[in-house]
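Here are the chains, one letter per residue:
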Amino acid sequence: MGNKEVLDSDQVRARMIQMEYKELTESEIRRIYIEETGTEPPANITVYSSDDYPELREGDYYSGFDGSAIHFYDEEKGINQVYTITRGSEGSEKDSWKPKDWFYNLFGIGLGQNASQLEDAGTFVDYVMIDVERVDTNIPLKSLGMGHSLGGNLITTLQLVTGQFDNVYAVNHIPPSMYQLVHSDPLFALRVSEEFNINLTNNFNNIYDIDPTELKEFTEAYYKERIDETTINRLNMEEDLLYAMWGLSGFIDIGVGDPMNSIEGFDGLHDFMSHISDEDMRIVRLYFAQFVQGYNKDGFDGAIREIMGLRSDFIDDFADIYSAYSNTNIFTAAWSTRNLKAKMTFTIWPMLWDMGKKVPQLYDDLVVLYNNIDPLLDALVDLEVITPLERQEIKRSLGEILESVGNIKSYLKRSLQQSWSDRIQSVYIIYQEYNNIMANVDNIKLHTEGLMAYFGLSADAHKMTHVVNALGKNNGENVMRVYEGGDMYFIKPQDVSQQGDSLLDRLKEMPKSGESLLSELREALSGGKGLGNLLPMSWLGLAGFSAMQSFLGVNQPIKVNISSAVRIYQKGQSTCDDIKSEVAKLKRLYESEYEEGFSNWKSALTTKMNNMEQSPRSYQQEFFGHYPPSAKKIWKITKITVHEEVEPLPAALTENFDSIFAYYEEEVADTLARVELIKESIETLFSEEEEISQLFTLTY
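First things first, this report covers the structure right here in the doc. Values in this document were obtained by computation on a predicted structure and should not be read as measured data. (Residues numbered from 1 in each chain as written. Predicted model: local features only at pLDDT ≥ 70, side-chain atom pairs only at ≥ 80, totals over all residues. Heavy atoms only, no water.)

Let's shift gears to the pattern of salt bridges. Under the counting rule described, the total for this entry stands at 30 salt bridges. Across the pair Arg-234 and Asp-253 runs a salt bridge, and its minimum N-O distance is 2.5 Å. You can see Arg-234 sitting in strand 6 (residues 232-235) and its partner Asp-253 sitting in the loop between helix 9 (241-244) and helix 10 (270-273), a full 19 residues away along the chain. According to the relative accessible area criterion, Asp-253 is partly exposed, its value standing at 34%. The shortest N-O distance in the salt bridge between Glu-676 and Lys-679 comes to 3.6 Å. (Salt bridge = Lys/Arg side-chain N within 4 Å of Asp/Glu carboxyl O. Helix = DSSP H or I, 4+ residues; strand = E, 2+ residues; numbered from the N terminus. Buried < 20%, exposed > 50% of the residue type's maximum accessible area, 1.4 Å probe, protein only.)

So this is what it looks like as C-alpha cells:
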C-alpha cells in the first residue's frame, strides 16, 4: 500500500468528518473503514482530541474551537499519516445557550477581525504533530486535513497561510475570506497595503473600502502563486446555503472540485443571494465592526454587551428565577433571592446604564433596516418564495418588534432616574417586551414557511448526513448507500423479491428463537458463573428475524441495515461460541460427577466383593466381633458369597442429561444457522458489492 492516503475516497472521509461531531473512537474508525473499503485498516490507529489539550482552553475566553486528529501507522505497510479534522459550527456550546461558533463566523470570517479559532486550530495541529513525531520510524509523516462548514474554512485557511498539509479536504465549507487572510497573514497584509496603498495599522476597517472585486482577484492570484492550489480539495453541494454565499463579496474561490447537485429540482439560493450587493455587504460589515473590540476582548459575552449592553450571566440568573416563579410574584422572588440581590446591586445598574446608551442606537439602526427592507421583501415575492399576503404579515410583525424595542428604549431611559425597586420592576417590564418580540418572531416564522422551506432545504443540504447520503446515492452502482444514525444501509430495486420471500420462509421454519434457548438454558443452569455472556441471545434471534423482515416487502425497494446485520452476525458468532463453551463445561462436569463417579464407585464395590469372596477369614472379626482365641476353632468363616449385582445408572437420568445437552447443542446450531442465513442472504442480495463478504469476517 505504501504511504498512499488511507482515507482515499470522498465517502470514507465524509463519514469520518460526520463521526467527529459525535466521538471518534478507534473502534468506530475501524468500522467505517471496513464498511467503506471491505479491507482491514492500518494496524495502529491513535485518536487525538482537542479536549486532551487543556492549553487550548486557557486565556480570557474559550474560542469555541474543537477538533480531532487520527494517526494511522503501520510499519509493515509503510503507512505513517495524520488526518486533522477541524469541527464545524455547532448550534450552541455544550450546556449553554451561547452560539459562540456563529459569532466567530461573523467577526472572524465575515469581518476578518478575529483569528482565535484559526490560531487554536494551528496550535492543535502543532501539539498533535509533536506527539506523533515521538514514534521512532523511518517512514515519512504525511499530514492531511479535513473539515466541514467552519471546520472546512479553518483547515483551508491554515493551508493558505502555512502550506503545512500534503492535502486538505473541505466539505460544504465557508470559503476563505480575503479579510480574514489579511488579518491572519502578515506577509499578505503587507502586500495588500502596498498594492492598494492603504494603512490598516490604525484602522482595519479601511480594508472594506477597497473594491471587493479587485481585492478578490489580487488575493486569489497571491495564494495561487504561493501554494499548489490542487492541495485544496473541495466537496460542495450546489444547494448548500454556504455555497450560495460564494457569490457574496469578501470570499475567494480557490481549490479544486466542482459542486455536486444533490436535490433534484432545487438549485439553491443563488438567486436570492444575488440581490445582496457589494455595497450592502460593506454596510453590514461596517455596522458589526463597531462591536469587534468587545468580541475580541470577551468573546460572545463581550459582543452582546457591545451591541445591547446586556450581561449574559445576569440574563441566565433572571431567566432561571422567571421560570421558577409565577409572573405575579417575580418581583418578590427576585428581591428575596440573596445571590441575585447581591448581583443586582453590582450588575443591574451598570447593565441598565449600558443598555440606556446602546439600545437607542440599536433602535435607530433597526428603523433604518425597517425603512429599507421593502426591496428585499419584494424580491422574495418576485421569486415566489413568499406571497403578497405573507409579505404584509412579515412587515407588520417587524413593525411590532420595532415598537417593542422602542418601548424598551423608553423604559431604560426612565430607569436611570428610578429607585432600586423601580429599576427591578423595569427589568420585568423589559422582559415582557422581550416576550412580545419573540411572539412576533414566531409570527414571522409562520408566514415565512415558504422561505424557510427554501432555507430548510439549503440547511439540510449543508449537513454531513446529507453529504454522505448524496455520495452513497451517486456512486453509479445499482446499490445505493444511505446512512442513518451512523449506520450504513444498502438499498436496491425490488428485482429479487421472490428470492427474498424464499429466505423469509426459511427463517420462519426454523424451530426456535434464541430467546427460548436463553430462558431454558438459564433456568436449567440456575444462572451459573459465566452465563452473563448469554444475555445477548435475547435479542439475537429476534433481531435477526427483524433484520430480515426489514428488507422483505412486496414491490418495495430492499433496504438493509448493513452495520446492524454485521453486528448481529459477529455478536451472534461470539455469543454462540460462549454458549458452546459453557455447555461443554457442564458436560464435562456431568461426566465427572455422574458417569466417572458412578464408574469409580462401581469399581470400588466390585473390588470389595471380590476381596470378601477370596479372603473370607479376613472378615471374621467384622462379622462375629471380638471373641476369645479358643473360640476360633469353633466359629470360623470359611466362605463368603456375595449375592449382589450393581445396576447401571438409571436410564431416565442419563437420557435426561443427554437430551438436555443435545437440545442445547441443537439450539446453538440452529441459532448459528439463522445468523449464517442472514449473512448468506445479504451476500446474495448484494452480490455485486465486492466487499460485502469481507464486512462479516473483519472485526472491529
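That covers the picture; the talk isn't over yet.
This part covers the pairing of strand 6. Covered by surrounding structure in strand 6 are Ile-232 and Arg-234 together with Asn-233 and Leu-235, the residues of both alternating faces. Summarising the sheet, strand 5 (residues 167-171) and strand 6 pair through 4 bridges and their orientation is parallel. Residue pairing in the sheet places Ala-170 in a bridge with Arg-234 of strand 6. (Pairing = 2+ DSSP bridges.)

Together, Glu-194, Glu-195, Asp-211, Glu-214, Glu-217, Asp-278 and Asp-280 make up a region of like negative charge exposed at the surface. If you list the elements that add at least two residues to the negative patch, you get helix 7 (186-196), helix 8 (212-226) and helix 11 (278-289). Here Asp-278 shows up in helix 11. With relative accessibility at 36%, the residue Asp-278 sits in the partly exposed group. (Patch = residues over 30% accessible without salt bridge, like charges linked within 9 Å, V, L, I, M, F, W, Y side chains within 5 Å. Areas by Shrake-Rupley, 256 points an atom, 1.4 Å probe, with all protein chains shown as cover. Lys, Arg positive; Asp, Glu negative; His and termini not counted. Charge placed at Lys NZ, Arg CZ, Asp CG, Glu CD.)

As a further point, take the nonpolar core. Core analysis: the biggest nonpolar cluster contains 86 residues, and Val-192 and Ile-207 have the highest contact counts within it. Sort the elements by how many residues they give to this core and helix 4 (residues 116-132) lands first, with 7 residues. Leaving out residues up to four positions away in the same chain, Val-192 has contacts with Val-182, Asn-197, Ile-198, Ile-207, Ile-210, Leu-215 and Phe-218. Ranked by size, the runner-up nonpolar core spans 50 residues in total, among them Leu-235, Val-468, Val-675 and Phe-686. (Core = buried A, V, L, I, M, F, W, Y, C linked by side-chain atoms within 4.5 Å. Contact = heavy atoms within 4.5 Å.)

This part takes up the pairing of strand 3 (residues 79-86). With 8 of 8 residues buried, strand 3 lies mostly within the body of the structure. Burial of the side chains of strand 3 extends over both faces: Ile-79, Gln-81, Tyr-83 and Ile-85 are buried on one face and Asn-80, Val-82, Thr-84 and Thr-86 on the other. For strand 2 (residues 67-74) and strand 3, the ladder comprises 8 bridges, and the chain directions are antiparallel. Within strand 3, the position partnered with Ala-69 by the bridge is Thr-84. Where strand 2 hands over to strand 3, the hairpin turn is made up of 4 residues, of which Gly-78 adopts a positive phi near 75 degrees. Sheet topology note: the strand 3/strand 4 (residues 142-148) ladder contains 6 bridges and is parallel. Counted as the bridge partner of Thr-84 is Gly-145 from strand 4.

On to the side chain of Thr-575, then. Inspection of the secondary structure assignment puts Thr-575 in helix 24 (residues 562-614). By relative accessible area, Thr-575 is classed as buried at 2%. Side-chain polar atoms of Thr-575 contact the backbone oxygen of Lys-571, separated by 2.6 Å. (Polar contact = N/O pair within 3.5 Å; in protein donor to acceptor, adjacent residues only side chain to side chain.)

Along an α-helix, residues three or four positions apart point the same way, because every turn accommodates 3.6 residues. In a regular helix each residue adds 1.5 Å, so 12 residues correspond to 16 Å; helix 11 covers 16 Å between its end C-alpha atoms and thus fits that length. Those residues of helix 11 that fall on the buried side of the exposure criterion are Met-281, Arg-285 and Ala-289. Down the axis of helix 11, the sector holding all buried residues measures 70 degrees, keeping them to one side. (Expected span 1.5 Å × (residues − 1). Arc of directions from axis to C-beta.)

Between helix 1 (residues 10-20) and helix 2 (residues 26-37), the least distance of the axes is 10 Å, while the angle of their chain directions is 155 degrees. In terms of axis orientation, helix 1 runs roughly antiparallel to helix 2. The handedness of the crossing between helix 1 and helix 2 is right-handed. Where helix 1 abuts helix 2, its residues Gln-11, Val-12, Arg-15, Met-16 and Met-19 lie against Glu-28, Ile-29, Arg-31, Ile-32, Tyr-33, Glu-35 and Glu-36. Among the residues forming the contact of helix 1 with helix 2, the class breakdown is 6 nonpolar, 1 polar and 5 charged. (Axes fitted to C-alpha atoms, helices over the stretch in contact; angles between N-to-C directions. Parallel < 35°, antiparallel > 145°, perpendicular 65-115°, else oblique. Left-handed = near helix turned anticlockwise from the far one by under 90°. Nonpolar A, V, L, I, M, F, W, Y, C, P; charged D, E, K, R; others polar.)

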